[in-house]
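# Examining the three-dimensional arrangement
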Amino acid sequence: MYLEYEDLKKILNIGIRLSTDKDRNHILASILESGMEITNCDASTLYLYEDGRLTFKIMKTLSLGISRGVDGEPITDMPPVPMKEENVCAYTAIRREIVNIPDVYDSDRFDFSGPKQYDALTGYHTGSQLVIPLENNENELIGVLQLINAMDSDGKVIPFSKQYNIIIQSLGSMAAIELTNLTYAEELKAQLYSFVEALTTVLDERTPYNASHTRNVAKYAGILADYISKLHEEEKCEEFFDQNRKEKLRLAALLHDIGKIVVPLEVMNKATRLDKRMKDVEARFELLGALYEVDMLRCKITEAEYKEKIADLKWELDFIHKIDMEGYLDDESLQRVCSLAGKQHVKENGEVTKYLTEEEVSCLCIRQGTLTKQERKEMENHVVVTGKILDTVHFNKNFEIVRKWASSHHELLNGSGYPNHLTAEDLELETRILTVADIYEALVAKRPYKNSMPQEKAFCILRDMVEAGKVDGQVVEWLFEALKENMQ
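In what follows, the accompanying structure is described. Just so you know, these numbers come straight off a predicted model, no measurement behind them. (Residues numbered from 1 in each chain as written. Predicted model: local features only at pLDDT ≥ 70, side-chain atom pairs only at ≥ 80, totals over all residues. Heavy atoms only, no water.)

## Some points on helix α11 (residues 331-340)
The condition that has to hold: Each residue is assigned to one of three classes by its accessible area relative to the maximum for its type, calculated with a 1.4 Å probe on protein chains only: buried under 20%, partly exposed between the two thresholds, exposed over 50%. The helix count covers DSSP runs of H or I at least four residues long, the strand count covers runs of E at least two residues long, and both are numbered beginning at the N terminus. Taken from the helix axis, the directions to the C-beta atoms give the arc we talk about. Working rule for contacts: check all heavy atoms of both residues, and any pair within 4.5 Å makes them a contact.
Taken together, the buried positions of α11 are occupied by S333, V337 and L340. Each buried residue of α11 lies within a common arc of 65 degrees when the element is viewed along its axis, so the set occupies one face. In α11, those exposed residues whose orientation departs by more than 90 degrees from the buried face are D331, E332 and Q335. Structurally, α11 contributes buried residues whose contacts are with α10 (303-325) and α12 (358-364).

This is the structure in structure tokens:
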């Protein structure tokens, strides 16, 4: 019996398929199904070598309509095969030898009581067997492939031709190598994620209010990706996130704020306009009260004027406390801060004590938020640092796009973002998703300087940003719909 051209072509195609498939379950199923296809056999079992035993991974019997484990579902009702040489599969695994049995019922070489009991229970008849060890290029045992009941063109059970021994072994070796390579790739990926998780933990632990921000952004990005894929399956959207694309998006989300690791803590943790500077202001106002009291005792001012000064100090300090915590500074309050900046006490020797320092005035004049222009510049620089850090990381070809997505999450569609003022044509869907997820998380999260914002108000702000041409309206609505669906 010689292999025809179509048989050779079939074998080559199977080899190509094995080398291009990146799904473990698909590769395992291909080993079994390819062996059955080439040898034209009726049944097959694939065992994996795990924890010193052979475990049932996939079972197929065409004539009985049996197909188990093909999609990765575990076969729990079949106990693992012990590594004892009287069992043909265990012998093959231990000796790393191919075993070709023309007829199980005419062989006393191995203990075939198991197949015979199975035949008695099911009415099946186990005849020929071809049992092949699966080894990778490092001579490591991956598993065993057991092919059962080769058939001729009329469907009659015949022995397995010896020419199939080396062919099936070669295909098994190719599959084992691909499985090993896939395992290495998965281990490298797991290592990459573990480093990223470690960096994320360092970053989030560095500042209390940021403790969950990074992971929440990753969560919202994942929710968006899943929802988009669902719409695609319903033929409502052209975009689709397979496992690989979703993994890259998640990695970018986990890395998007890594540059904050160099932002000073006094900026990162600044809860109010003055924050720790408030203690200096309070101490100075106490000093001013004492200075005015000295002036009264020295008859520089009257008692009535002293009381007026003390009342004014309390009034101004109460005002400072009030605006220090406010989310937005209106025009009237801003004007009052400017007026307060001009107040001072002058001693007889000309020594001047200003009510507020220039730095404190700068802080109190912040219109919105808690950061001065300089502090905001330091904070915004984290995106540049994110890019610099990720530029030093060696990403393989599959993940190299991650650095671009992660370092562009503050860019806006109309070019008003930072640091590079990119516009819509430069921003891919993944970046747009990260931007919306980042803004939404910042709005709904509780911070020392603000309460958690209701979801409805957060989406009002996001939709205002859509109207202003800053963020992608479709992404905003997808997130809205996805979150609403998740709550049901």
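## Let's talk about the nonpolar core
In summary, soluble globular proteins display a tendency toward joint burial of nonpolar side chains. Stated precisely, the cut-off is as follows: As used here, the term nonpolar core means buried Ala, Val, Leu, Ile, Met, Phe, Trp, Tyr and Cys residues forming a set that is joined through side-chain atoms within 4.5 Å.
In terms of nonpolar packing, the biggest core is built from 48 residues, with L251, L255, I433, Y440 and W478 touching the most fellow members. Excluding residues within four positions of it along the chain, W478 makes contact with L224, Y227, I228, L231, C237 and L429.

## Quick notes on the pairing of strand β2 (residues 53-61)
Using the following cut-off: Only strands that DSSP links by at least two bridges are regarded as paired with each other.
Among the 9 residues of β2, 8 are classified as buried, and the element is accordingly described as predominantly covered. Looking at chain direction, strand β1 (residues 41-50) and β2 are connected through 8 bridges and run antiparallel. Paired with E50 across the strands is R53, a residue of β2. The loop that links β1 with its antiparallel partner β2 comprises 2 residues; one of these, D51, has a positive phi angle of about 55 degrees. Of the pairings in the sheet, the one linking β2 to strand β3 (residues 66-68) comprises 3 bridges and is antiparallel in character. The residue of β3 that forms the bridge with T61 is I66.

## Remarks on the environment of V476
Within the secondary structure layout, V476 lies in helix α17 (residues 473-487). Since its relative accessible area comes to 0%, V476 is described here as buried. Separated by 166 residues in the primary sequence, V476 and I310 place their C-alpha atoms 53 Å from one another. Dropping the residues within four chain positions of it, V476 is found in contact with V436, F459, L462, R463, V466 and V471.

## Describing the packing of aromatic side chains
Two aromatic rings are characterised by how far apart their centres lie and by the angle between their planes. Convention followed: For Phe, Tyr and Trp, rings pair up if their centres lie within 6.5 Å, where Trp contributes its six-membered ring, and each pair is then called stacked (planes under 30 degrees apart), edge-to-face (over 60) or tilted (otherwise). To sit over a ring, a charge needs its Lys NZ or Arg CZ within 6 Å of the ring centre and within 35 degrees of the ring normal.
With the rule as written, the count across this model stands at 8 aromatic pairs. When the centroid spacing of 6.5 Å and the interplanar angle of 70 degrees are considered together, the rings of Y118 and Y124 count as edge-to-face. Under the relative-accessibility criterion, Y118 is labelled partly exposed at 31%. Put simply, the rings of Y220, Y440, F459 and F480 touch in pairs and so form one group of aromatic residues. Directly above the aromatic system of W315 lies the positively charged group of R336, at a separation of 3.5 Å from the ring centroid.

## Some points on the state of the cysteines
The cut-off we apply is this: Pairs of cysteine sulfur atoms within 2.5 Å are identified as disulfides in what follows.
Applying the stated criterion across every chain yields a total of 0 disulfides. Here C89 stays free of any disulfide, with the sulfur of C41 as its closest cysteine sulfur at 13 Å.

## Quick word on the packing of helix α7 (residues 243-255) against helix α15 (residues 429-444)
Quick note on the threshold: Angles shown run from 0 to 180 degrees and are taken between the N-to-C directions of axes, each axis being a line fitted to C-alpha atoms and, for helices, limited to the stretch in contact. When an angle is under 35 degrees it counts as roughly parallel; over 145 it counts as roughly antiparallel; between 65 and 115 it counts as roughly perpendicular; any other value is oblique. Note on convention: the crossing is left-handed when the near helix lies turned anticlockwise from the far helix by less than a right angle, right-handed when the turn is clockwise. All amino acids are sorted into three groups, where Ala, Val, Leu, Ile, Met, Phe, Trp, Tyr, Cys and Pro are nonpolar, Asp, Glu, Lys and Arg are charged, and the leftover types, Gly among them, are polar.
Here α7 crosses α15 at 45 degrees, and the two axes come no closer than 11 Å. Relative to α15, the element α7 is oriented oblique. At the point where α7 passes α15, the crossing takes the right-handed sense. Mapping the contact onto sequence places R245, L249, A252 and A253 in α7 and L429, E430, I433 and L434 in α15. In the contact of α7 with α15, the residues fall into 6 nonpolar, no polar and 2 charged.

## Some words on α7
Let me state the cut-off plainly: For a helix, the expected span equals 1.5 Å multiplied by the number of residues minus one.
When the terminal C-alpha atoms of α7 are compared, their 18 Å separation across 13 residues agrees well with the 18 Å that a helix rising 1.5 Å per residue should span. Every buried residue of α7 is listed here: R245, E247, K248, L249, L251, A252, A253, L254 and L255.

## A look at the pattern of salt bridges
Test applied: We define a salt bridge as a side-chain nitrogen of Lys or Arg found within 4 Å of a carboxyl oxygen belonging to Asp or Glu.
Here the structure, examined in full by the defined rule, presents 29 salt bridges. Among the salt bridges present, the one from K347 reaches E351, with a minimum N-O distance of 3.8 Å. Residue K347 is classed as partly exposed on the basis of its relative accessible area of 31%. The exposure class of E351 is partly exposed, given its relative accessible area of 41%. The salt bridge involving R432 is made with D472; its shortest N-O contact spans 2.9 Å. Here R432 is found in helix α15, whereas its partner D472 is found in the loop between α16 (455-467) and α17, with 40 residues between them in sequence. Like R432, the residue D472 is buried in the burial classification. Among the charged side chains, a salt-bridge network with shared partners connects K230, E234, K236 and E485.

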